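A look at the structure
Each chain, written out:
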Amino acid sequence: MIHLTVNGKERDWDALPGDTLLDVLRREGITGVKKGCGSGDCGACTVLLGGRAVNACLVLAAKADGAEVVTIEGVSSDGALHPVQESFLEAGAVQCGYCTPGMVLSAIALLARNASPTEHEIREAISGNLCRCTGYVKQVEAIERAAARLRGER
Amino acid sequence: MREPERRAFAVVGKNARKVDGRGLVTGGPLFVADVDLSQALIVKMLWSPLAHARIVSIETSEAERVPGVALVMTHANTPPTRHTTAGQGFPEPSPYDARMFDTKVRYVGDRVAAVAAETEEAAEAALTALRVEYEELPAILAIDDARRPGAPIIHDEADATGIYDARRNIVADVDIDVGDVAAGFAQSDLVVETTCETQYAQHTPIEPHVTLASLDAEGRLILRTSTQVPFHVRRIVAQALGIPVSRVRVIKPRIGGGFGAKQEVLLEDVAGWVALRTGRPALFALSRAEEFVSSRTRHPMRVRVKLGATKDGLLQAIDMEAVSNTGAYGAHGLTVLANTGSKTLPLYNKAKNARFTGQAVYTNLPVGGAYRGYGATQGYFALETAMDEAAEALGLDPIAFRRLNAIRAGEGSPIFEKLGEGREGVPQTVKSCELEQCLAIGAEKIGWSAWRGKRERSGSWVQGVGMSIMMQGSGIPQIDMGAATIKMNEDGSFNLLIGATDLGTGSDTILGQIAAEVLGVPLEKILVTSSDTDVTPFDVGAYASSTTYVSGMAVQRAAEQVREQIFAVAAPLLGGDRQDLRLRGGEVVGRAGAVSLARVCERAMYETDQFQIGATASCVPTESPPPFLANFARVAVDTETGFVRVLHYVAVADCGVAIHPRLAEGQLEGAIVNGIGYALTEEMQFSSRGRVRNPSLFDYKVPGALDALRLDVALVDSYEPTGPMGAKSVGEIGINGPIPTIANAIYDAVGVRLRQTPFTPERVLAALDRAGVGAE
Ligand code: FES
Ligand code: FES
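Predicted, not measured: the structure shown is a model, and the values here were computed from it.

The next subject is the overall build of chain B. When you go through chain B residue by residue, the secondary structure sums to 20 helices and 30 strands. Taken over the C-alpha trace, chain B has a radius of gyration of 27 Å; the compact-globule value for 776 residues is 28 Å, and the two agree within 12%. Principal-axis analysis of the C-alpha atoms gives chain B an extent of 85 × 70 × 50 Å. Out of the 776 residues belonging to chain B, those deemed buried represent 66%. For chain B, long-range pairs separated by at least 24 residues make up 80% of all intrachain contacts whose partners lie at least 6 apart in sequence.

Dropping the structure here:
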């Protein structure tokens, strides 16, 4: 049994030995967290752990005991999309959408620590999130837009 | 061009929000495995450890006794029907050389046996408990060994059909020509010949293949699966399992990318069999390593191109010869091969004499399949390299040389008719071709004249620019079919039901836009449902760059029929003539006034001569208008390390009217970045016994956000008169560009030709060494 705060709610969930945070989240119905490799190479399983973007497939569930986890499901509030989500839709940064939850969370983590990232900093922040559909152009643009939005410029 | 009509588009040509965007961006439970799996059995496959062997025996009793194991499957207890896994139109042009489980394994990663168990651990334990005795056979691990006399025969089974020459491991053979190639070369002042080779590459959709099979209350098999071809899956699963099509329902939810890998029936037969035998839901999901090894790959090819031209630069003859490695099974073997010629040679129709010959051969290596570009990618590497060499030898600017020889609007090519989808093609005249514009804009954007031949140096790095052009098609003429159903609701909204398969491309959105345009409503009034074989009309699925053009035309026709029905109901309400009616802003507008669509539907549903306003329409295209693309790249080559960096990539496309410009750009951007990976880093590597050595996203390097810098994509103004709203395709063409463009740019920078992909530092250094151009 592990104790987690997931998207603001306290949870006590069963964890088998060897379970990763990704396994537990998906089993408990938090399926916005995706699995693309299970080995830390694709970023589809990105969640915020204590505010930092991490690959949930690399975190042993037992190690996450007591942690605060935010997944894509916890990003919008009362049906209102997060500015990063809005910008992803506007910019056409979503194709199949399988990488999108992870990419959005990496962007949110970036913008929380850097309100005006350069293009290079944006690319660095999402460099662990592989996307095979988009070529990254529109995702970078979306994150730039989101940054401007969060700074109150748009 | 019908300019006035185009300017009047209300929904088409605009960047609407994707109809499925909100669900995707909020992480909704939209993908195959996002449902409750707590009751599902877990399916695991035992993959062959050997490249070529006969299965002497499989001892399953111990595996069956593992607690939690529900079913163990081998060749002994599953249907033996030979079929193809290639999701193509029926009858498929691929050989029937696969069985659910066979008595022979033909590559490391082939199916041996499968288990279904309560948990992953139990399934793994059962796999370990299987005792398989193999009789190892000599294996063919190189394309050149396949046709050698005395080579082992990979498909020696008696019941395989559709193989060109099984005893010589030849899956398919193509040999066509137009004009007189020998005469063409004889009258040429210059002849160049080049041979290029491409590697094993994998699609790596970020969602690996996954299928959830279950039975409904009536015992029908429901397959919720990540596929590009739901209707082909239904047919092929029914065939493989020996059950009627009516007993299978295929649901395609949201799909995490496909790129051709999911134009294949890889999991559905086994998951389906488990559900049928056990009555339990069954989840079969490939791991990333399994996706690399045991799904599908791009056919590696060796392509030789010989060009003949006169001094003034007019091509007289093109001779292209391809050898394609289809791996252990012949999925898409013939058609990918044929495409290598049919999608490339018509581009240079000034060469009146042309020939394409080729063979696809079996090896004991992973299986080739459909992969975005579908043979054209491999062909363009050789063709555009040869064009670059010829331009240089003639002292012509490569852009000018291509301009001189490329097809134009109003022209055709006899190749269109001679070579089609693995059989004869369909004659066609190109009606839209804005290659000129593409070249002009692209040259300007890259700074062609500023960089070309300048070899700007910075330390050991040298820069150069290169270019290439290409065409693709829009669907498979007289074979592909798409259908659409539209029905009206009483609030003036419409359901659009399409078998077309949105796998991330945005086709639900653009097909919705086409319907909205015809029906005069905003996109929000079109409720799009795609790909459920019980609910939506037939469509071949997402491949061959067909969806916008073929399914789009079906949608347009269905919407036009619905519009006529609406007019018929509205005419008496408006008291005017039907000819004067228009659909605009959610209303039927006539001379005498307007009536809302809601009112029209209410009348049809509840009041007078009641009927459901709705229609189904189909499209089987009679031609396949090519989109065109001009590519330019500026690269830097490190003469010390051999490292190549793409500094700037420009791609300018003519895809007709872009129904949704941002999505069209996104198709190009994604394809180009995928192509850059294919050009520079992506390569499946094999051990001496045929085992894939790098089946992970760590060891097989696909481009990340830091690898893909400065990519400029532009769409030119174009209108395809035969397409829905003037559109043609855009899905595949982009991936053909990077290899020849980067190769030609490397040549401009350092004067060496790279003829084997990917252009790794080792290969570049070796080429530099051979040419004596190494670091000073
Ligand atoms: S699933 Fe965690 S990084 Fe790929
Ligand atoms: S949108 Fe498909 S992987 Fe990124």
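Residues and elements named next belong to chain B. For chain B, the assigned domains are domain 1 (3-29 + 481-619) and domain 2 (32-137 + 204-294). At the interface, 24 residues of domain 1 touch 24 residues of domain 2. Between domain 1 and domain 2, a total of about 1,700 Å² is buried, with carbon and sulfur atoms accounting for 51% of that surface. A per-residue breakdown of the area domain 1 buries against domain 2 is headed by Leu503, Thr533 and Tyr543, which together make up 35% of the total. Where domain 1 touches domain 2, the interface holds six salt bridges.

A few words on the pairing of strand β23 (residues 526-530) of chain B. All names here are of chain B. By the alternation rule, side chains of β23 split into Ile526, Val528 and Ser530, which are all buried, and Leu527 and Thr529, of which none is buried. Here strand β22 (residues 494-498) runs beside β23; their pairing, made up of five bridges, is parallel. Directly across from Phe494, in β23, lies its bridge partner Ile526. The parallel pair β22 and β23, bridged by helix α15 (residues 507-519), forms a crossover whose chirality is right-handed.

Now for the side chain of Glu683(B). All names here are of chain B. Residue position: Glu683 is located in the loop between α18 (661-680) and β30 (711-715). Relative accessible area serves as the criterion here: at 16%, Glu683 is assigned to the buried category. Excluding anything up to four places from it in sequence, Glu683 contacts Gln199, Tyr200, Asn694, Tyr700, Thr757, Pro758 and Arg763.

Moving on: the interface of chain B and chain A. Contacts between the two partners involve 46 residues from chain B, matched on the other side by 47 residues from chain A. Together, the buried faces of chain B and chain A total about 3,700 Å²; carbon and sulfur atoms form 58% of this surface. Lys138(A) serves as the salt-bridge partner of Glu669(B), at 2.8 Å between the closest nitrogen and oxygen. Connecting chain B to chain A are 24 residue pairs in polar contact (both at pLDDT 80 or more). Those elements that provide at least two residues to the side of chain B that touches chain A are α2 (21-25) and α18 of chain B. Ranked by residue count, the leading element in the side of chain B that touches chain A is α18(B), at eight residues.

Here the structure, examined in full by the defined rule, presents seven aromatic pairs over all chains. Sitting over the ring of Trp451(B), Arg634(B) keeps its end group 4.1 Å from the ring centre.

Scanning the model with the defined rule gives 61 salt bridges over all chains in all. The partner of Glu682(B) in a salt bridge is Arg132(A), and the shortest N-O contact between them spans 2.7 Å. Within this pair, whereas Glu682(B) is found in the loop between α18 and β30, its partner Arg132(A) is found in the loop between α4 (119-125) and α5 (137-150), the two belonging to separate chains. For the pair Glu682(B) and Arg132(A), a shared accessibility class is recorded, and that class is buried. What you see here is one network of salt bridges that share partners, running through Arg82(B), Arg99(B), Asp102(B), Arg106(B), Glu157(B) and Asp159(B).

In this section: unusual backbone geometry. For residues that are not glycine, phi is negative in most cases, and the peptide bond is trans in most cases. All names here are of chain B. Omega for the peptide link from Phe90 to Pro91 comes to -5°, which places this bond in the cis form. Along the chain, Pro91 turns up in the loop between β3 (69-73) and β4 (104-105). Residue Thr757 is joined to Pro758 through a cis peptide bond whose omega torsion reads -10°. Notably, Asn169 is not glycine yet its phi reads approximately 60°, a positive angle. Accessibility expressed as a relative area gives 0% for Asn169, which makes it buried. Of note in this structure, Ser545 is not a glycine but carries a positive phi near 50°. Along the polypeptide, Ser545 turns up in the loop between β23 and α16 (547-574).

All names here are of chain A. Negative charge collects at one region of the surface, where Glu10, Asp12, Asp65 and Glu68 lie side by side. On the secondary structure map, Asp65 appears in the loop between β4 (52-55) and β5 (68-70). Judged by its relative accessible area of 43%, Asp65 falls in the partly exposed class.

All names here are of chain A. Viewed as axis vectors pointing N to C, helix α2 (residues 83-91) and α5 meet at an angle of 135°, and their least axial separation amounts to 8 Å. Accordingly, the angle class assigned to the pair α2 and α5 is oblique. In this structure, α2 meets α5 at a crossing whose hand is right-handed. Each of Pro83, Val84, Glu86, Ser87, Phe88, Glu90 and Ala91 in α2 lies in contact with α5, whose residues at this interface are Lys138, Gln139, Glu141, Ala142, Ile143, Arg145, Ala146, Arg149 and Leu150. Taken together, the residues of the contact of α2 with α5 sort by class into eight nonpolar, two polar and six charged.

To continue, consider helix α3 (residues 100-113) of chain A. Residues and elements named next belong to chain A. In this model α3 runs 20 Å from its N-terminal to its C-terminal C-alpha over 14 residues, within 8% of the 20 Å that 1.5 Å per residue would give. Most of α3 sits out of view: 12 of its 14 residues are buried. Those residues of α3 lying buried are Thr100, Pro101, Gly102, Met103, Val104, Leu105, Ser106, Ala107, Ile108, Ala109, Leu110 and Leu111.

Residues and elements named next belong to chain B. Taken together, three strands build an open sheet; the order of strands is β4-β2-β6 and the sheet is antiparallel. Among the strands making up the open sheet, the edge pair consists of β4 and β6 (131-136). Examined bridge by bridge, strand β2 (residues 53-59) and β4 share two bridges and lie antiparallel to one another. From the neighbouring strand, Arg54 faces β4, where its bridge partner is Lys104.

Take the sheet that holds strand β18 (residues 368-369) of chain B next. Residues and elements named next belong to chain B. Read from one edge of the open sheet, three strands run β9-β14-β18, paired in mixed fashion. What marks the edges here is a single partner per strand, and that holds for β9 (201-202) and β18. Pairing of β9 with strand β14 (residues 297-298) involves two bridges; the strand directions are antiparallel. In the sheet register, Gln202 faces β14, and the bridge partner there is Thr297.

So, about helix α19 (residues 738-750) of chain B. Residue and element names in this part refer to chain B. An ideal rise of 1.5 Å per residue puts 18 Å on 13 residues; α19 measures up with 18 Å between its terminal C-alpha atoms. Along α19, 13 of the 13 residues are buried, which leaves the element largely enclosed by surrounding structure. Phi for Gly751, located one or two positions after α19, is positive at around 75°.

All names here are of chain A. By domain assignment, chain A separates into domain 1 (2-74) and domain 2 (83-150). Taking only C-alpha atoms into account, the centre of domain 1 sits 21 Å from that of domain 2. Listed per partner, the contact involves 16 residues of domain 1 and 12 residues of domain 2. When domain 1 packs against domain 2, the two sides together hide about 1,000 Å² of surface, and 65% of this comes from carbon and sulfur. Contact with domain 2 buries surface across domain 1, with Lys34, Thr46 and Ile72 losing the most and accounting together for 42% of the total. Where domain 1 touches domain 2, the interface holds zero salt bridges. Our count for the contact surface shared by domain 1 and domain 2 stands at five residue pairs in polar contact (both at pLDDT 80 or more). Among the elements that make up the side of domain 1 that touches domain 2, the one with the highest residue count is strand β3 (residues 46-49) (three residues). Residues belonging to the side of domain 1 that touches domain 2 are distributed by class as follows: seven nonpolar, six polar and three charged.

What counts and how
- Residues numbered from 1 in each chain as written.
- Chains lettered and ligands numbered in written order.
- Predicted model: local features only at pLDDT ≥ 70, side-chain atom pairs only at ≥ 80, totals over all residues.
- Heavy atoms only, no water.
- Helix = DSSP H or I, 4+ residues; strand = E, 2+ residues; numbered from the N terminus.
- Rg over C-alpha atoms; globule rule 2.2 N^0.38 Å.
- Buried < 20%, exposed > 50% of the residue type's maximum accessible area, 1.4 Å probe, protein only.
- Contact = heavy atoms within 4.5 Å.
- Domains from an automatic or database assignment.
- Buried area = accessible area lost by both parts, 1.4 Å probe.
- Salt bridge = Lys/Arg side-chain N within 4 Å of Asp/Glu carboxyl O.
- Pairing = 2+ DSSP bridges.
- Right-handed = clockwise from strand over helix to strand, strands pointing away.
- Polar contact = N/O pair within 3.5 Å; in protein donor to acceptor, adjacent residues only side chain to side chain.
- Phe/Tyr/Trp six-rings, centres within 6.5 Å; stacked < 30°, edge-to-face > 60°.
- Lys NZ or Arg CZ within 6 Å of the ring centre and 35° of its normal.
- Patch = residues over 30% accessible without salt bridge, like charges linked within 9 Å, V, L, I, M, F, W, Y side chains within 5 Å.
- Areas by Shrake-Rupley, 256 points an atom, 1.4 Å probe, with all protein chains shown as cover.
- Lys, Arg positive; Asp, Glu negative; His and termini not counted.
- Charge placed at Lys NZ, Arg CZ, Asp CG, Glu CD.
- Axes fitted to C-alpha atoms, helices over the stretch in contact; angles between N-to-C directions.
- Parallel < 35°, antiparallel > 145°, perpendicular 65-115°, else oblique.
- Left-handed = near helix turned anticlockwise from the far one by under 90°.
- Nonpolar A, V, L, I, M, F, W, Y, C, P; charged D, E, K, R; others polar.
- Expected span 1.5 Å × (residues − 1).

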